[in-house]
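Architecture and fold: a report
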Amino acid sequence: MTRLASLPAAWQPQAAEFRCLHCGTLITGNPRISGVLHRNHCPLCLWSRHMDLHRPGDRLAACRSLMSPVGLTLKLSRKKYNPFTQGELMLVHRCVDCGKLSINRIAADDDPQRILNVLHQFPHLDPVAHQQLTQPDIQILGSAEQVLVQARLFGSRA
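Our focus in this paragraph is the environment of T73. The residue T73 is located in strand β4 (residues 66-74) in this model. Sequence separation of T73 and N104 is 31 residues, and the distance between their C-alpha atoms is 9.5 Å. The contacts of T73, once residues within four sequence positions are left out, are E88, L89, M90, V92, I103, I138, Q139, I140 and L141. In this structure the side chain of T73 is engaged in a polar contact, spanning 2.8 Å, whose partner is the backbone oxygen of Q139.

In structure tokens:
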């Protein structure tokens, strides 16, 4: 039995296509292409839509507004002695309407250059976004972590 087949019906991936509301690109939700179970952002412009309320894939959010990619972070490890630099690279989205933050997996087909651009845009965000993103549970990566981000996106250089 495959990992996908063993998931409850509510957690089965959505393979339907959708159109990015930001750039208009037609996107597949097929996990064999994206490498993620719940495609929630455009692989080209990285914008998302506020769809989920309680957990990935629940599609219960009433807002439905666009979510801008505003930063990068690392998924915090549950291991007590793991350094901060050991987590999975994640995108941080912020709803342009209600301001909700969402941390999302980077998909296999996401544009790595756009991901690097998100890393460099953080200092240029408005003060409200800056304040919202400087929370103890979100550690936004900055220019100092560029080597780390490049290694995660392109592999380590010897």
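Let's shift gears to the pattern of salt bridges. A full pass over the atoms with the stated rule returns 3 salt bridges. Of the charged contacts in the structure, one is a salt bridge between R39 and D109, with a shortest N-O distance of 2.3 Å. Within this pair, whereas R39 is found in the loop between α1 (31-34) and β3 (48-49), its partner D109 is found in the loop between β6 (101-105) and α2 (112-121), the two being separated by 70 residues in sequence. The partner of R105 in a salt bridge is E88, and the shortest N-O contact between them spans 2.8 Å. Of this pair, R105 sits in strand β6 while E88 sits in the loop between β4 and β5 (89-95); the two residues are 17 residues apart in sequence, bridging distant segments of the chain. With a relative accessible area of 29%, E88 lands in the partly exposed category.

About the thresholds
- Residues numbered from 1 in each chain as written.
- Predicted model: local features only at pLDDT ≥ 70, side-chain atom pairs only at ≥ 80, totals over all residues.
- Heavy atoms only, no water.
- Helix = DSSP H or I, 4+ residues; strand = E, 2+ residues; numbered from the N terminus.
- Contact = heavy atoms within 4.5 Å.
- Polar contact = N/O pair within 3.5 Å; in protein donor to acceptor, adjacent residues only side chain to side chain.
- Salt bridge = Lys/Arg side-chain N within 4 Å of Asp/Glu carboxyl O.
- Buried < 20%, exposed > 50% of the residue type's maximum accessible area, 1.4 Å probe, protein only.

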